[in-house]
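What the coordinates show
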Amino acid sequence: MTQLTVHTHATPAGPVIELSGELDNNSAPDVRTLLPRLTLQAGQQLVIDLTGITFCDSSGITVLIAARNRALAARADIALAAVPDRVSRMLHIVGLDQVFPAHPTAQAAAAAWTPPTSE
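So, here's what we can say about the structure. (Residues numbered from 1 in each chain as written. Predicted model: local features only at pLDDT ≥ 70, side-chain atom pairs only at ≥ 80, totals over all residues. Heavy atoms only, no water.)

Time to look at the environment of Val-16. For Val-16, the location among the structural elements is in strand E2 (residues 14-23). A relative accessible area of 3% places Val-16 in the buried class. For the pair Val-16 and Val-83, spaced 67 residues apart in the sequence, the C-alpha separation amounts to 14 Å. Here Val-16 is in contact with His-7, Thr-8, His-9, Thr-11, Val-47, Asp-49 and Ala-106, once residues within four sequence places are set aside. (Helix = DSSP H or I, 4+ residues; strand = E, 2+ residues; numbered from the N terminus. Buried < 20%, exposed > 50% of the residue type's maximum accessible area, 1.4 Å probe, protein only. Contact = heavy atoms within 4.5 Å.)

Leu-19, Leu-23, Leu-46, Ile-48, Ile-53 and Leu-91 are the most contacted members of the largest nonpolar core, which totals 30 residues. Breaking this core down by element, the ones donating at least two residues are E2, helix H1 (28-34), strand E3 (45-56), helix H2 (58-73), strand E4 (77-81) and helix H3 (85-93). Among the elements that make up this core, the one with the highest residue count is H2 (six residues). Beyond its immediate stretch of four places on either side in the chain, Ile-53 contacts Leu-4, Leu-19, Ser-20, Gly-21, Leu-23, Pro-84, Arg-86 and Val-87. Core analysis: the next-biggest nonpolar cluster, separate from the first, contains six residues, Val-16, Ala-79, Ala-81 and Ala-106 among them. (Core = buried A, V, L, I, M, F, W, Y, C linked by side-chain atoms within 4.5 Å.)

Following this line, the structure appears as structure tokens:
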């Protein structure tokens, strides 16, 4: 049985989703269901922290793309944090390393975020 733990918390930069375990065909729908319920404002940044990911298949990659689509629809940014080497290789192979900014930690992703300026 697939095990995935999902925790979310809010930061001034935006929501952070922490994933631990296996992100695969069985667990990906749980994350996908969570995405529309996130409070994500224009100009914020959605961070997906992959520190605890032990396995990720194509369904997991599809969830990352769905999260990016959710961020874009909200006119927000997205960043990945603590991407495991095996997931990083998959993202590189399919060219998604050019689409997802990656940071060593969720804190580094928040530090790299630039708040929108008032016009």
